[in-house]
Amino acid sequence: TRATLAQAQKMETIGHLAGGVAHDFNNLLTAILGGASLLERRIGAQIGQEAGQILSAIRDAAQRAARLTHQLLAFSRKQALTPQVIDANKLLKGMSELLARTLGEKVSIQTVLAAGLWRSCVDANQLENAILNLAVNARDAMPDGGTLTLETGNVFLDDAYAAVRPEMKPGQYVMVAVSDSGTGMSEEVMQRAFDPFFTTKPEGRGTGLGLSQVFGFIKQSGGHVSLYSELGHGTTVKLYLPRHLDDTACEAVPEISYAEIPR
Ligand code: ADP
């Protein structure tokens, strides 16, 4: 599925809406959480067991809602990024334990890291976040186990390629691919996978914000995202990160709206 102009505009609109709603919701949730905690402290010992359980259920639900609004805010904030010169191979190696824990024992991890990989300019924390998001999706797509493959490479997107994929700017990129041998996606799911709030996961499991966050972050960083998926075979998400050129500093990326994201 292509990351198109329409996609960016849709995210712009939803981002505004979500940000506004999330902000108000956060205030209300603070009141609910505060009230429930206060009640528990003041009368927790006096009320019966059943009432106590109801009270803690209220607190748990409010806490879950607070986590969700937090994610929403992160998505809509389009926070300023702090790109630094990074070695994506090193970053992936540094994540190996976290990834192994996230994926569990049934999934094996394979790495195909390119020698002589270019440096790239990207916010390292956000990139780790994005890769973790992709790994969680991969895990969910492989309930019976499988293989997660991490691959890196130097990619030169030439004009001919850009002609076929008009949303991709020609140039030099560091490619980081995350592949799984999971369920894959139907054509319909692929079309909507990057839409904020689109999820096929059961309630409480998915927010539908993972891929849209990855998309927004990579676009804001001056890169591209590609999605390949085949039902029954697996999925590959490729991140194209802008190459760092020698003797230049990585430029800070200011807070921007999706409408301004360079394509
Ligand atoms: P969430 O994971 O919360 O559902 P995402 O935006 O990350 O939100 O993903 C949206 C949907 O795209 C998922 O619900 C799933 O249907 C599909 N998807 C994402 N990654 C994969 C994958 N690796 N394999 C199969 N389907 C995927």
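The residue numbers shown here count from 1 along each chain, following its written sequence. Note on the predicted model: pLDDT of at least 70 is required for a residue's local features to be given, and 80 or more for side-chain atom pairs to be given and counted; whole-chain, interface and lining totals, by contrast, use all residues.

Naming follows an unreviewed UniProt entry, where the protein chain appears as histidine kinase of Rhodovastum atsumiense.

## Re the packing of helix H5 (residues 124–141) against helix H8 (residues 210–220)
Interaxial distance between H5 and H8 falls to 10 Å at its minimum, and their mutual angle equals 150 degrees. Taken together, the axes of H5 and H8 are roughly antiparallel relative to one another. Along this stretch, H5 crosses H8, giving a crossing that reads as left-handed. Taking contact as the criterion, the partners of Gln126, Ala130, Asn133, Leu134, Val136 and Asn137 in H5 are, on H8, Gly210, Gln213, Val214, Phe217 and Ile218. To obtain an axis, a line is fitted to C-alpha atoms, over the contacting stretch when the element is a helix, and the angle between two such axes runs from 0 to 180 degrees between their N-to-C directions. Only DSSP runs of H or I reaching four residues or more are called helices, and only runs of E reaching two or more are called strands; each is numbered from the N terminus. Every angle not falling under 35 degrees, over 145, or within 65 to 115 is termed oblique; those three ranges are roughly parallel, roughly antiparallel and roughly perpendicular. Here a crossing is taken to be left-handed if its near helix is turned anticlockwise relative to the far helix by less than a right angle, and right-handed if that turn runs clockwise. Contact definition: two residues whose C-beta atoms, as placed from backbone geometry, lie within 7 Å.

## A closer look at the packing of helix H4 (residues 96–103) against H5
Look at H4 against H5: their axes get within 9 Å of each other, and the N-to-C directions meet at 30 degrees. Taken together, H4 and H5 sit at an angle that is classed as roughly parallel. Taken as a pair, H4 and H5 cross one another with a handedness that is right-handed. For the pair H4 and H5, the contacting residues are Leu99, Thr102 and Leu103 in the first and Leu132, Ala135, Val136 and Arg139 in the second. When residue character is reported, Ala, Val, Leu, Ile, Met, Phe, Trp, Tyr, Cys and Pro are called nonpolar, Asp, Glu, Lys and Arg charged, and the others, Gly included, polar. When grouped by side-chain class, the residues that make up the contact of H4 with H5 number 5 nonpolar, 1 polar and 1 charged.

## Quick notes on the site of the ligand
Of all residues adjacent to the ligand, which total 22 residues, the nearest are Asn137, Ala141, Thr199, Gly206 and Gly210. Elements represented by at least two residues in the shell around the ligand include exactly H5 and H8. Each residue belonging to the shell around the ligand can be placed in one class, and the counts come to 8 nonpolar, 12 polar and 2 charged. By convention here, the C-beta atom is placed from the backbone, and a residue is near a molecule or strand when that atom is within 6 Å of it.

## Observations regarding the confidence of the model for the protein chain
On average, the protein chain scores 86 in pLDDT, and the residues at 70 or more come to 88%. pLDDT: the predictor's confidence for each residue, scored from 0 to 100. Segment residues 257–263 is flagged for pLDDT under 50; beyond a separation of four residues in sequence, or across chains, it makes 17 contacts in the model. Complex prediction metrics read pTM 0.77 and ipTM 0.99.

## Overview of unusual backbone geometry
Note: most residues except glycine have negative phi, and most peptide bonds are trans. Of note, phenylalanine 197 is a non-glycine position whose phi angle comes to about 75 degrees, a positive value. Inspection of the secondary structure puts phenylalanine 197 in the loop between helix H7 (187–192) and H8. Residues with at least 20 other C-beta atoms within 10 Å of their own are called buried, those with 12 or fewer are called exposed, and the rest are partly exposed. The C-beta atoms themselves are positioned from the backbone. Its 14 C-beta neighbours within 10 Å are what place phenylalanine 197 among the partly exposed residues.

## Description of the sheet that holds strand E2 (residues 107–112)
Across the sheet, which stays open at both edges, the 5 strands sit in the order E2-E4-E5-E7-E6 with mixed pairing between neighbours. Both outer strands of the open sheet, E2 and strand E6 (224–230), are each paired with one neighbouring strand and no more. Across the sheet, the mean angle from the axis of one strand to that of its neighbour is 15 degrees, orientation sign disregarded. Any two strands between which DSSP finds at least two bridges are classified as paired. Sheet analysis places strand E4 (residues 146–157) next to strand E5 (residues 171–180), joined by 10 bridges and oriented antiparallel. When the bridges of E5 are listed, valine 155 appears paired with tyrosine 173.

## Quick look at H8
Burial of H8 is extensive: 11 of the 11 residues sit out of reach of the surface. Within H8, burial applies to Gly210, Leu211, Ser212, Gln213, Val214, Phe215, Gly216, Phe217, Ile218, Lys219 and Gln220. Downstream of H8 by a residue or two, glycine 222 has a phi angle that is positive, lying close to 85 degrees.

## Thoughts on the environment of alanine 124
The residue alanine 124 is located in helix H5 in this model. By C-beta crowding, alanine 124 is classed as partly exposed, having 18 other C-beta atoms within 10 Å. If sequence neighbours within four positions are ignored, alanine 124 has contacts with Gln84, Ile86 and Leu91.

## Section: the pairing of E6
Two elements, E6 and strand E7 (residues 234–242), share 7 bridges in a ladder whose sense is antiparallel. Bridge pairing in E7 places serine 226 opposite lysine 238. With antiparallel pairing between neighbouring strands as the criterion, E6 and E7 make up a hairpin whose turn holds 3 residues, including glycine 232 at a positive phi of roughly 85 degrees.

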